[in-house]
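# Commentary on secondary and tertiary structure
The lines below spell out each chain.
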Amino acid sequence: PEAWDSIARELAAPWPGLQASDGRFPDYVVRTAGGRSQRDDYGEAMLGYGLLQVGIRTGDEATIRAGLRGVTHAAARPERRFNIAMFRNVGIAGAYNLARERIPEHPQFRQVRATWERRLRGMRLDRLRSRTVTNKTLVEAVAVLELVWSGLSSRNRGTVLGNKGGARRLVRRLLTRGLPRAAAPFDRGSGRGGRLSMLGDYPHLPLAYHALATGFLARAVELLGGAAPAPARRLLREAAGASWALAGPDGDLSYFGRS
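## A word on the environment of Arg88
- Relative to the helices and strands, Arg88 is located in helix 6 (residues 85-102).
- Judged by relative accessible area, which is 1%, Arg88 ranks as buried.
- For the pair Arg88 and Thr134, spaced 46 residues apart in sequence, the C-alpha to C-alpha distance is 17 Å.
- Those residues in contact with Arg88 that sit more than four places away from it in its chain are Asp41, Tyr42, Ala45, Ala74, Arg77, Pro78, Glu79, Arg80 and Arg119.

In structure tokens form, the structure reads like this:
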């Protein structure tokens, strides 16, 4: 919708001017912590991916270049905390697929493409083999699907691209059984809202994580298309219904709990 596009442009507008020459973006949390912060380090990947989306959609070259620089900064850095690597990976993988489809001949993308591909070929699983479901599990599932879609391969079977079939089966197991089973205790019938389900980090389910998990579930269903399991499609409808039912009078979806 036009209103959403306008908001996206407004959100993206300041960042090209704030970006450092090496692709970094300023982080006020790290700055105020005086260098002591151990904050999650996937900001450049996710913000870069978002800027790339806006730049390509609007044809804004400065925003495209800022997005490419941000993702490249993330792709070139060594992993610091493996247990949150899926957030950086999903940003890089999503941006890679977007760029190779929409701007494959862009001079800056051609220059950095090998750096991105090197990072993606080394991606390993952290959460999908576990029976425990959290928001990170869904993020990793989307990262796997983006990688499978990328057309890349790897000779290292310890990586996602070295065993794409196995990684994809783990995603299907999550969407067919693991996630619906984790959400089942939190299903509710709700009159006009029909059947509702909460997603996120069980068992406490902070509302911000329900929104995050629902968005990533939607992306997984989108990437799988007609191959998306029926339980995942049903759960997505129920999670969207839960967001509608839980919204505050002002539209707030995160009025209690973590974050």
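Additional details are given in the paragraphs that follow.
## What about the pattern of salt bridges?
- Inspection of every chain in the model, using the stated rule, returns 12 salt bridges.
- When the shortest N-O distance is used, the salt bridge between Glu146 and Arg219 registers 2.9 Å. Taken together, the residues Glu146 in helix 8 (residues 135-150) and Arg219 in helix 10 (residues 207-224) connect sequence positions 73 residues apart.
- Taking relative accessible area as the criterion, Arg219 reaches 23% and is therefore assigned partly exposed.

## Notes on unusual backbone geometry
- In this model, Tyr202 is joined to Pro203 through a cis peptide bond whose omega is 5 degrees.
- Inspection of the secondary structure puts Pro203 in the loop between strand 2 (195-196) and helix 10.
- Even without being a glycine, Leu205 presents a positive backbone phi close to 50 degrees.
- Inspection of the secondary structure puts Leu205 in the loop between strand 2 and helix 10.

## Some words on the packing of aromatic side chains
- Following the criterion strictly, the structure yields 6 aromatic pairs and no others.
- With a centroid separation of 5.7 Å and 90 degrees between ring planes, the pair formed by Trp15 and Phe25 is classed as edge-to-face. Of this pair, Trp15 sits in helix 2 (residues 15-18) while Phe25 sits in the loop between helix 2 and helix 3 (28-32), and the two are 10 residues apart along the sequence.
- Taking relative accessible area as the criterion, Trp15 reaches 24% and is therefore assigned partly exposed.
- When its relative accessible area of 10% is taken as the criterion, Phe25 is described as buried.
- Members of the aromatic cluster, each reached through a chain of ring pairs, are Tyr96, Phe109 and Trp116.
- Directly above the ring of Trp149 sits Arg100, whose terminal nitrogen or CZ lies 5.7 Å from the centroid.

## Re the nonpolar core
- Ranked by internal contacts, the top residues of the largest apolar core, which has 65 residues, are Leu52, Trp116, Leu175, Leu179, Leu199 and Leu217.
- The set of elements that each furnish at least two residues to this core consists of helix 4 (43-58), helix 5 (61-76), helix 6, helix 7 (107-121), helix 8, helix 9 (164-183), helix 10 and helix 11 (230-246).
- The element contributing the most residues to this core is helix 6, with 9 residues.
- Leave out the neighbours within four places in its chain, and Leu199 touches Leu179, Ala183, Leu205, Tyr209, His210, Ala213, Thr214, Leu217, Leu235 and Ala239.
- Listed in part, the 6 residues of the second largest apolar core include Ala12, Phe25, Leu51 and Ala66.

## Side note on the side chain of His106
- Here His106 lies in the loop between helix 6 and helix 7.
- Within polar-contact distance, the side chain of His106 engages the backbone nitrogen of Gln108 at 3.1 Å.
- In contact with His106, not counting residues within four places along its chain, are Glu61, Ile64, Arg65 and Leu68.

## Some points on the side chain of Thr214
- Structurally, Thr214 is set in helix 10.
- Apart from residues no more than four positions distant in its own chain, Thr214 is found in contact with Leu199, Leu236, Ala239 and Ala240.

Reading guide: rules and limits
Residues numbered from 1 in each chain as written. Predicted model: local features only at pLDDT ≥ 70, side-chain atom pairs only at ≥ 80, totals over all residues. Heavy atoms only, no water. Helix = DSSP H or I, 4+ residues; strand = E, 2+ residues; numbered from the N terminus. Buried < 20%, exposed > 50% of the residue type's maximum accessible area, 1.4 Å probe, protein only. Contact = heavy atoms within 4.5 Å. Salt bridge = Lys/Arg side-chain N within 4 Å of Asp/Glu carboxyl O. Phe/Tyr/Trp six-rings, centres within 6.5 Å; stacked < 30°, edge-to-face > 60°. Lys NZ or Arg CZ within 6 Å of the ring centre and 35° of its normal. Core = buried A, V, L, I, M, F, W, Y, C linked by side-chain atoms within 4.5 Å. Polar contact = N/O pair within 3.5 Å; in protein donor to acceptor, adjacent residues only side chain to side chain.

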